[in-house]
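Topology and contacts: notes
The lines below spell out each chain.
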Amino acid sequence: MISVHNLHKSFGDNKVLRGIDEQIAQGEKVVVIGPSGSGKSTFLRCLNLLEEPTSGEITFEGVNITDKKCDINKMRQKMGMVFQHFNLFPHLTVLRNITLAPVQLGLQSQKEADKNAMKLLERIGLSDKAEAYPPQLSGGQKQRIAIVRSLAMNPDVMLFDEPTSALDPEMVGEVLELMKELALEGMTMVVVTHEMGFAREVATRVLFMDEGQIVEQAPPQEFFSNPKNPRLRDFLSKVL
Ligand code: ADP
Ligand code: MG
């Protein structure tokens, strides 16, 4: 589904991504871990071209999205993204937040989008919040709404950048639970997270990034029980 070839990204002199090669198949749940500043967010943001790669090639569903001729907005509709800080529109109701993209892009009528959004809100037990505004909600509610807002576009892959890092501890579980459900339903997911329990339980593969490279990757069982790279061992000794 996603194929990354020799991806480099620099900000000025700062070489943040240094040659990433990665293939992500449909239905995989790839968890990305690594120290702060290792390039995890930049990697994720390159996958849907929120950051423009300095060099290298990324194909998504067979289309070279790093080609200047590619209609990236069209491709992005198939890639949902969930951020640490939710990025909901504070001045729009929950319902509007969810229906905005599909309606503005002409994919659904407002009526269809409303109906679909209400179904999604029911699914997460928040249909009574349809007319509320994001500042009236808890962090866990906001993040679950941000997730279903992405789902409203029927994406083929969901990218998550530390979706629980900004939450109070008691709200982490409800967000991880929803992500687990999506995983079980077969969603292709790429998740940057510090939640090692989630990585063990849900990931099909765990990647360790350090200084802009993927230095180790393996299925979780092997990854956690038999880490080979010394920097990964050091990292795991601090987080586990
Ligand atoms: P991580 O998510 O692993 O913590 P990031 O990808 O956010 O790492 O950042 C990696 C490096 O890239 C950091 O040194 C950061 O300062 C730099 N960086 C990230 N985004 C930008 C940007 N938009 N402009 C300049 N430097 C950036
Ligand atoms: Mg980050």
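Above this note sits the structure.
The text that follows walks through the structure, step by step, so that each part is easy to find.

Thresholds, definitions, all that
- Per-chain numbering applies: the sequence of each chain, read as written, is numbered from 1 onward.
- Here every chain gets a letter starting at A, and every ligand a number starting at 1, in the order they are written.
- Confidence filtering applies because this is a predicted model: local features only for residues at pLDDT of at least 70, side-chain atom pairs given and counted only at 80 or more, and all residues used for totals across whole chains, interfaces and linings.
- Side-chain measures here rest on the full set of heavy atoms in the structure, leaving out hydrogens and waters.
- For the purposes of this entry, the term helix denotes a DSSP run of H or I that reaches at least four residues, the term strand denotes a run of E that reaches at least two, and both are numbered from the N terminus.
- Radius of gyration means the value over C-alpha atoms here, while the globule rule gives 2.2 Å times the residue count to the 0.38 power.
- Burial classes: relative accessible area under 20% of the type maximum marks a residue as buried, over 50% as exposed, and values in between as partly exposed (1.4 Å probe, protein chains only).
- The criterion used for residue contact is that any of the two residues' heavy atoms lie within 4.5 Å.
- Every accessible area reported is derived by Shrake-Rupley at a probe size of 1.4 Å, with residue values counting cover from the shown protein chains alone.
- Asp and Glu are treated as the negative residues and Lys and Arg as the positive ones, with His and the ends of the chain left uncounted.
- By convention, charge coordinates are those of NZ in Lys, CZ in Arg, CG in Asp, or CD in Glu.
- Aromatic pairing here means that ring centres of Phe, Tyr or Trp (its six-membered ring) are within 6.5 Å. Orientation follows from the plane angle: under 30 degrees is stacked, over 60 is edge-to-face, and everything else is tilted.
- For a ring to carry a charge above it, either NZ of a lysine or CZ of an arginine must fall within 6 Å of the ring centroid while also lying within 35 degrees of the normal to the ring plane.
- The rule for a salt bridge is simple: a side-chain nitrogen of Lys or Arg has to be within 4 Å of a carboxyl oxygen of Asp or Glu.
- Only heavy atoms are used to decide nearness, and a residue is near a molecule or strand if one of them lies within 4 Å of it.
- Pairs of N or O atoms within 3.5 Å make up the polar contacts considered here, provided that, within protein, one atom can donate a hydrogen while the other can accept it, and that residues adjacent in sequence are counted only when both atoms are side-chain atoms.
- Polar here means any residue outside two lists: the nonpolar Ala, Val, Leu, Ile, Met, Phe, Trp, Tyr, Cys and Pro, and the charged Asp, Glu, Lys and Arg; Gly therefore counts as polar.

A few words on the overall build of the protein chain. A count of helical and extended segments in the protein chain gives nine helices and 10 strands. Taken over C-alpha atoms, the radius of gyration comes to 18 Å for the protein chain, in line with the 18 Å a tight globule of 240 residues would show. Oriented by its inertia axes, the alpha-carbon framework of the protein chain measures out at about 50 × 45 × 30 Å. The proportion of buried residues among the 240 residues of the protein chain is 51%. Look at the contacts in the protein chain between residues 6 or more apart in sequence, and 64% of them connect residues 24 or more apart. Accessible surface for the protein chain amounts to roughly 11,400 Å². Of this, 48% is attributable to carbon and sulfur atoms. With 27 positive and 31 negative side-chain charges, the protein chain shows a separation of 2 Å between the mean positions of the two kinds.

With that settled, the discussion passes to the packing of aromatic side chains. Applying the stated rule across the entire model yields two aromatic pairs. A ring pair is formed by Phe208 and Phe235, whose centres lie 5.4 Å apart and whose planes are at 45°; its orientation type is tilted. Of the two residues, Phe208 sits in strand β9 (residues 205–210) while Phe235 sits in helix α9 (residues 230–239), which places them 27 residues apart along the sequence. Per residue, the accessibility class of Phe208 equals that of Phe235, and both read buried. For Arg200, the ring lying beneath its charged end belongs to Phe224, and the centroid distance is 4.6 Å.

Here we take up the environment of Arg45. Looking at the element boundaries, Arg45 is found in helix α1 (residues 40–47). Its relative accessible area of 25% is what places Arg45 among the partly exposed residues. On a C-alpha basis, the gap between Arg45 and Leu159 in space is 8.8 Å, while along the polypeptide they are 114 residues apart. If sequence neighbours within four positions are ignored, Arg45 has contacts with Leu50, Glu51, Met81 and Phe83.

Right, let's talk about the pattern of salt bridges for a bit. Side chains that differ in sign of charge can pair as their charged atoms come close. Scanning the model with the defined rule gives 13 salt bridges in all. Between Glu174 and Arg144 there is a salt bridge, with its nearest N and O atoms 3.1 Å apart. One end of the pair, Glu174, is in helix α6 (residues 169–184); the other, Arg144, is in helix α5 (residues 139–151), with 30 residues separating them in the sequence. With relative accessibility at 30%, the residue Glu174 sits in the partly exposed group. What makes Arg144 buried here is its relative accessible area of 12%. The partner of Glu201 in a salt bridge is Lys180, with the nearest N and O atoms 3.4 Å apart.

For the rest of this paragraph, the subject is unusual backbone geometry. Despite not being glycine, Phe86 shows a phi value in the positive range, around 65°. Position of Phe86 relative to the elements: it lies in the loop between β6 (79–82) and α3 (94–104).

Take the site of ligand 1 next. If you check the shell around ligand 1, you find Phe11, Asn14, Val16, Pro35, Ser36, Gly37, Ser38, Gly39, Lys40, Ser41 and Thr42 and nothing else. Gly39 is positioned such that a nitrogen or oxygen atom in its backbone is 3.1 Å from an oxygen atom of ligand 1. A distance of 2.5 Å separates an oxygen atom of ligand 1 from a polar atom in the side chain of Thr42. Contact with the protein chains hides 59% of the accessible area of ligand 1, taken as 560 Å² for the molecule alone. Sorting the residues of the shell around ligand 1 by element identifies β2 (14–24) and α1 as the ones contributing at least two each. Of the residues in the shell around ligand 1, the class split is three nonpolar, seven polar and one charged.

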